[in-house]
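# Close look at the chain arrangement
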Amino acid sequence: MMEMTADDFWRFSLDRYSRDGVSEMCLQLQDHAGADVNMMLLCLWVGSASRLLSREELSQLIEGEAGNWHRDIVLPLRAARKAMKGRSVAGDFAGVESFRDRIKKLEIESEKWEQHSLVAALSQFAQKPARKEGEESKADIARKNLEAYLHQIAPNTLENNRELLTRLVEVCI
């Protein structure tokens, strides 16, 4: 099995997130189902390597160090950045917007650290052999990873989001 590094994951994420419609689909799932964009990208990334995530692996990724980092660091930075949108201090919109841009850069850097944590957690799991060609397509595995993730975090939203997950996989895998 190929070694999966945090830098590989970051490059994959930047490539996929910049594809037409991907950011909008991810943000829709983030806003309506509470999904973590990095976890969705991880589900796609490991699926593209024919790796199916188990329920236990997903639970550890969500509840472990990476999940804590997301909740304690990424989300507060995002909330601060969003709260600043369109605001001024003493009439200084430009100064606040410049500060907001710096917060956005920190938010992106914090997401990169979250990805490092996700990859480190993945390396702790027993390495299962990749699925053999012909068993299931990489797209099917990625879709199953996404569905399992969404089922764990927001089971009541899965059925309404299956088509969106399928479209996300079609664009990314």
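The coordinates are above.
Below you will find a few notes about this structure.

Reading the values: the criteria
- Residues numbered from 1 in each chain as written.
- Predicted model: local features only at pLDDT ≥ 70, side-chain atom pairs only at ≥ 80, totals over all residues.
- Heavy atoms only, no water.
- Core = buried A, V, L, I, M, F, W, Y, C linked by side-chain atoms within 4.5 Å.
- Buried < 20%, exposed > 50% of the residue type's maximum accessible area, 1.4 Å probe, protein only.
- Helix = DSSP H or I, 4+ residues; strand = E, 2+ residues; numbered from the N terminus.
- Contact = heavy atoms within 4.5 Å.
- Expected span 1.5 Å × (residues − 1).
- Arc of directions from axis to C-beta.
- Salt bridge = Lys/Arg side-chain N within 4 Å of Asp/Glu carboxyl O.

With that settled, the discussion passes to the nonpolar core. Counting 41 residues, the largest nonpolar core has Leu42, Leu44, Trp45 and Leu168 as the members making the most contacts within it. Mapped by element, the contributors of at least two residues to this core are helix H1 (6-17), helix H2 (22-33), helix H3 (37-48), helix H4 (55-63), helix H6 (93-124), helix H7 (138-153) and helix H8 (158-172). If we skip the residues at most four places from it in the chain, Leu42 touches Phe9, Leu61, Leu118 and Leu122.

Helical periodicity: at 3.6 residues per turn, an α-helix aligns residues three or four positions apart in one direction. Between the first and last C-alpha of H1 there are 16 Å, a value that for twelve residues agrees with the 16 Å anticipated at 1.5 Å per step. Within H1, burial applies to Ala6, Phe9, Trp10, Phe12, Ser13 and Arg16. Projection of H1 onto a plane perpendicular to its axis shows the buried side chains occupying an angular sector of 165°, all on one side. Looking at the packing, one finds that the buried side of H1 touches H2, H3, H6 and H8.

Attention now goes to the pattern of salt bridges. What the rule picks out here adds up to 14 salt bridges. Across the pair Glu111 and Arg78 runs a salt bridge, and its minimum N-O distance is 3.2 Å. Linking Glu111 in helix H6 with Arg78 in helix H5 (residues 65-84), this pair joins segments that are 33 residues apart in sequence. With relative accessibility at 14%, the residue Glu111 sits in the buried group. Classification of Arg78 as buried rests on a relative accessible area of 9%. Here Lys144 makes a salt bridge to Glu136, at a shortest N to O gap of 2.3 Å. When salt bridges with common partners are traced through the structure, they connect Asp140, Arg143, Glu147, Glu159 and Arg162 into a single cluster.

Nothing here speaks to function; it is all geometry.
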